[in-house]
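Descriptive analysis of the structure
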Amino acid sequence: MHVLIILGIVVLLVVLFYKSTNQYVQPAGVQNPAPAQAMGGNAPPVQIGWVSNGKLFVQGGYGAVQEITSPYAQQAMDRAERSREKNAWKKDTAFGVAAQGNYRDFERNTDPFLISSALFTGEGKLLYFQADHGMGGLFSYDIASGHEERLLHRQQLQLDDLCLSPSGETIVCSLRGRGGVSHIATLRSNGDGLRELTGGDTIDSAPTPVPGDESTVIYQSAAIGRDQHGGWAATGHVTLQELNTATGRVTPVLEDPRYDFLSPRVAPDGALFFIRRPYEPPQYNAGNVVLDTLFFPFRLLRAVFHYLNFFSLMYSRKPLTGASGIPTQADMKDIVLQGKRIDAERALRKEASIGGIPSLVPSSWQLVRRTRSGGESVVASNVSSFDITPNGTIVYSNGRGRFALDAQGRSSLVSQGDLVGAVLVQDRAIA
């Protein structure tokens, strides 16, 4: 009897603790309709796109949101599903045993295709890279007709941060390799001639062209620190570098051990825009030990609650918090934006809102404008990603919303939705 009473008290405490530390989180990838009225200003004369949870969405101004579905990915998933249904009876039988003696994995080929990067290549045209567990491909897509063209498709290919040279004839991107490294690479706009330009034990990414200069690219770079066994130990602060794609010469642009400089973009007037955030070196000291010790009982109670909640859902189809309780999403607890692990629940409670949209990144993540003479000014705060059109229009995200900046620096809410990984924009033709 005493055991049941103690167990009931523990469950009650866990439920109260769980409710006090969880807020509503909109399911990842769900895009809210565009607001009837933005925070001010007219609809931006741009077409906006963003990658969210491996999916690609586009929107014109404050118009309707459209999810881009790859015909190739859909056909591949349909084939995998038919194969799974065809071979389902073999699972856990002698017919499902492979030559090596283990069971065949009939679920392996059902992995989803995830889009890592995309860009607009013209009015109504998109270029994106998508991959599953083994194959990666670069595709061109016509938004109006839904026609898709496969430009490049290779096993274990991983491209990211796609951008076009000023002439539009060359694609500059980051090419991910083994051991966590990534380097700057180029290829022709038809998918031929993939060439790696940088090297070393570094993470080179987010290349951006310089308007009017076909051979100059600015990108972000961070060194990888490894332990004596060659394992990943730490990552250094992120710097900005300039690469001459013709000669291969690399020149430092911006470096400060106190900060990370991310996602460079060069505006038509030559100003350099980038995200600046404090650099946080990995550390584990006595203070961490004390905090871990203090929070251990609460973390244990939370783990016990999730364990019991799982069985409640399995056998009674009801969560311990009540069938009409606050909905949550487990994969929103810890997410990664710009290489940093973000506690989404804590961010939604603590961080500032922009136009009523809570931010997933802190105010120390600032969008900075740097002139050619070296003068700097903060354009916006709580910025996780952004892009600039050739006409100078800036659209940025705080992780949950997309905002357009006007000439006076005021932010207008365009649309909202969780887990905005990258933003892409293009100027729209005026009819």
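Residues numbered from 1 in each chain as written. Predicted model: local features only at pLDDT ≥ 70, side-chain atom pairs only at ≥ 80, totals over all residues. Heavy atoms only, no water.

Looking at the sheet that holds strand 1 (residues 46-52)
The strand order across the open sheet built from four strands is 3-2-1-29, with neighbouring strands paired in antiparallel fashion. Whereas interior strands pair on both sides, the edge strands pair on one side only; in this sheet they are strand 3 (65-68) and strand 29 (420-427). With direction set aside, neighbouring strand axes in the sheet form an average angle of 25°. The pairing of strand 1 with strand 2 (residues 55-60) spans six bridges and is classified as antiparallel. Note on strand 2: the bridge partner recorded for I48 is Q59. (Pairing = 2+ DSSP bridges. Helix = DSSP H or I, 4+ residues; strand = E, 2+ residues; numbered from the N terminus. Axes fitted to C-alpha atoms, helices over the stretch in contact; angles between N-to-C directions.)

Details of the packing of aromatic side chains
Taken as a whole and judged by the stated rule, the model has eight aromatic pairs. Seen from their ring centres, W50 and F57 are 6.0 Å apart, and the 20° between their planes marks the pair as stacked. On the basis of relative accessible area, F57 is assigned to the buried category, the value being 4%. Between Y128 and F139 the ring centres are 6.1 Å apart and the planes differ by 25°, which places this aromatic pair in the stacked class. Placement of the pair is Y128 in strand 5 (residues 125-131) and F139 in strand 6 (residues 135-142), with a sequence separation of eleven residues. One exposure class covers both Y128 and F139, and it is buried. One cation-aromatic arrangement involves R276 over Y259; the distance from NZ or CZ to the ring centre is 5.5 Å. (Phe/Tyr/Trp six-rings, centres within 6.5 Å; stacked < 30°, edge-to-face > 60°. Buried < 20%, exposed > 50% of the residue type's maximum accessible area, 1.4 Å probe, protein only. Lys NZ or Arg CZ within 6 Å of the ring centre and 35° of its normal.)

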